[in-house]
Amino acid sequence: MASLYNHCSDIRRVLQKVLVMFSIFTLCASLFYLLAGCCNSLPLDIVDSIAVTQSPQLFYKTYGERFENNFSNSTSGMVAPAPVITSLEGTRASGSENDNPGKDWTAVRRLPQALILGVKKGGTRALLEFLRLHPDIRALGSEPHFFDRHYARGMNWYRSMMPKALDGQIVMEKTPRYFVTAETPARIHSMSKDIKLIVVVRDPITRAISDYTQIISKTHDIPSFETLTFKNRTTGQIDSLWSPIWIGLYAQHLEKWLAYFSLSQIHFVHGERLISDPAGELGKVQDFLGLQRIITDKHFYFNKTKGFPCLKKPEGSSKPHCLGKTKGRTHPKIDTEVIKKLKDFYHPHNLKFYQMAGQDFGWQ
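About the criteria used
Residues numbered from 1 in each chain as written. Predicted model: local features only at pLDDT ≥ 70, side-chain atom pairs only at ≥ 80, totals over all residues. Heavy atoms only, no water. Helix = DSSP H or I, 4+ residues; strand = E, 2+ residues; numbered from the N terminus. Expected span 1.5 Å × (residues − 1). Buried < 20%, exposed > 50% of the residue type's maximum accessible area, 1.4 Å probe, protein only. Contact = heavy atoms within 4.5 Å. Pairing = 2+ DSSP bridges. Salt bridge = Lys/Arg side-chain N within 4 Å of Asp/Glu carboxyl O. Core = buried A, V, L, I, M, F, W, Y, C linked by side-chain atoms within 4.5 Å. Polar contact = N/O pair within 3.5 Å; in protein donor to acceptor, adjacent residues only side chain to side chain. Phe/Tyr/Trp six-rings, centres within 6.5 Å; stacked < 30°, edge-to-face > 60°. Lys NZ or Arg CZ within 6 Å of the ring centre and 35° of its normal. Axes fitted to C-alpha atoms, helices over the stretch in contact; angles between N-to-C directions. Parallel < 35°, antiparallel > 145°, perpendicular 65-115°, else oblique. Nonpolar A, V, L, I, M, F, W, Y, C, P; charged D, E, K, R; others polar.

Student: Talk me through helix α8 (residues 204-218); I want residue IDs and the actual numbers.
Tutor: Over its 15 residues, α8 extends 21 Å from the first C-alpha to the last, a length consistent with the 21 Å expected when each residue adds 1.5 Å. Taken as a whole, α8 has its buried residues at Pro204, Ile205, Arg207, Ala208, Ile209, Ser210, Asp211, Tyr212, Thr213 and Gln214. On its buried face, α8 sits against α9 (225-229), α10 (243-246), α11 (250-258) and α14 (336-357).

If you want it as structure tokens, here you go:
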């Protein structure tokens, strides 16, 4: 009997140990499940500042879709997120950079390394929207007007306006008024002597008419384009101080920039070619910024109704992306004699600009 009793006690002890081990296993499994569920529901603002300790490929694969969904739900899209990708292969010049375990993959706010300076009605919005496709570009969607209107707010305010970016991504913004504001070259130079500058230029006559078209869409009952173009129409003297005419004096404005920056730091985008060959112009911009040519002709189609290129339907979106209703307005018909007068007026200014920029834009 004693032997049987001892045997039963041994069995009870074994069962108790098994039960304790099973309870511990169940508890660990539950904790793991809860932690996994918590990580999968991280809010976007935490993801935006998280330090990625593993490879960037894993970061984009895990959180890229969440960035994209957040952006597509926004009506205005102040900040452009990187496109949804599951691999960064081919997005850097060096593959070893992606695999560097010591690289800092924390998203932070930085001052811009590139600026789209102008010009107004030249195609700056289209250029910015197209550049936002590149995973190595983080761009501010609105125009901050820091260097021309809000400079007194200081650099910390300006930095706070910028989107968060990973190490290696280029931060940029666009404010077309910078190109023609006298104070901006010195102010930008004081921020960064090595910054890259982009200027979209367009036939100054077409640009002026487009500018006027925007003006009359907002302010009615103003004089005709022909009337505002001249100081005195009888004598044929052009009013070079009228803003739509004055902005097109590109050589005059460029002189101020060349006093602070070398021509190699300034890239001119051909406004007409940005419409007819957006992929070609975007390729040159990507080269200028030191990025691989990821944005290509496969991203565009031409919208005959608007007369502008649009982005093809992006992954995860239900329709193609075209610029808003304010782009592609129908221009008023301008007296041909006025057009001829403007061609004569702009001709020497254009020739000087070609010489300064080192390229002929072919405006007649």
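Student: Residues and numbers for unusual backbone geometry, please.
Tutor: Residues Gly118 and Val119 are joined by a peptide bond in cis, for which omega reads 0°. In this structure, Val119 sits in the loop between β2 (114-118) and α5 (124-131). The backbone phi angle of Lys121 is positive, close to 60°, even though this residue is not glycine. What makes Lys121 buried here is its relative accessible area of 13%. Although it is not a glycine, Asp221 adopts a positive phi angle of roughly 60°. Its place among the elements puts Asp221 in the loop between α8 and α9.

Student: Could you give an account of the pairing of β2, naming the residues involved and the relevant values?
Tutor: The side chains of a regular strand alternate between both faces of the sheet. Along β2, 5 of the 5 residues are buried, which leaves the element largely enclosed by surrounding structure. Alignment of β2 against strand β5 (residues 170-174), held across 3 bridges, turns out to be parallel. Of the residues in β5, the one forming a bridge with Leu115 is Glu173. Direction of pairing for β2 relative to strand β6 (residues 196-201): parallel, over a ladder of 4 bridges. What sits directly across from Gly118, in β6, is Val199.

Student: I'd like a rundown of the pattern of salt bridges, residues and numbers included.
Tutor: Evaluated as defined, the whole model comprises 10 salt bridges. Here Asp211 and Lys120 are joined by a salt bridge, their closest N and O atoms 3.1 Å apart. Of this pair, Asp211 sits in helix α8 while Lys120 sits in the loop between β2 and α5, and the two are 91 residues apart along the sequence. Residue Asp211 is classed as buried on the basis of its relative accessible area, which comes to 0%.

Student: Describe the nonpolar core, with residues and values.
Tutor: Counting residues in each nonpolar core, the largest one holds 33 residues, and the members touching the most others are Leu117, Phe179, Ile188, Leu197, Trp257, Phe268 and Phe353. Elements with a contribution of two residues or more to this core: β2, α7 (184-191), β6, α11, β9 (266-270) and α14. Beyond its immediate chain neighbours, meaning those up to four positions away, Trp257 contacts Leu117, Tyr178, Phe179, Thr184, Pro185, Ile188, Leu197 and Ile266.

Student: Go over the side chain of His145 with me, naming the residues and quoting the values.
Tutor: Mapping His145 onto the fold places it in the loop between β3 (137-139) and α6 (155-161). Side chain to side chain, His145 and Asp148 meet in a polar contact 2.9 Å long. With near-sequence residues (within four places) excluded, His145 lies in contact with His150, Thr175, Arg177 and Tyr178.

Student: Quick rundown of the packing of aromatic side chains? Include the residues and the values.
Tutor: Overall, the coordinates contain 20 aromatic pairs when judged by the stated rule. Relative to Phe147, the ring of Phe146 lies with its centre 4.9 Å away and its plane at 75°, an arrangement referred to as edge-to-face. Since its relative accessible area comes to 0%, Phe147 is described here as buried. On the basis of an interplanar angle of 35° and a centroid distance of 6.1 Å, the ring pair of Phe147 and Tyr151 is categorised as tilted. For Tyr151, a relative accessible area of 28% translates into the label partly exposed. Every member of this aromatic cluster is reached through a ring pair, and the members are Phe146, Phe147, Tyr151, Trp157, Tyr158 and Tyr178. If you follow Lys196 out to its NZ or CZ, it ends over the ring of Phe288, 5.6 Å from the centre.

Student: Help me get a handle on the packing of α11 against α14, residues and values and all.
Tutor: Between α11 and α14, whose axes approach to 8 Å, the crossing angle comes to 30°. What the angle tells us is that α11 and α14 run roughly parallel. For the pair α11 and α14, contact is made by Tyr250, Ala251, Leu254, Glu255 and Leu258 and by His349, Lys352, Phe353, Met356 and Ala357, respectively. Among the residues making up the contact of α11 with α14, the classes are represented as 7 nonpolar, 1 polar and 2 charged.

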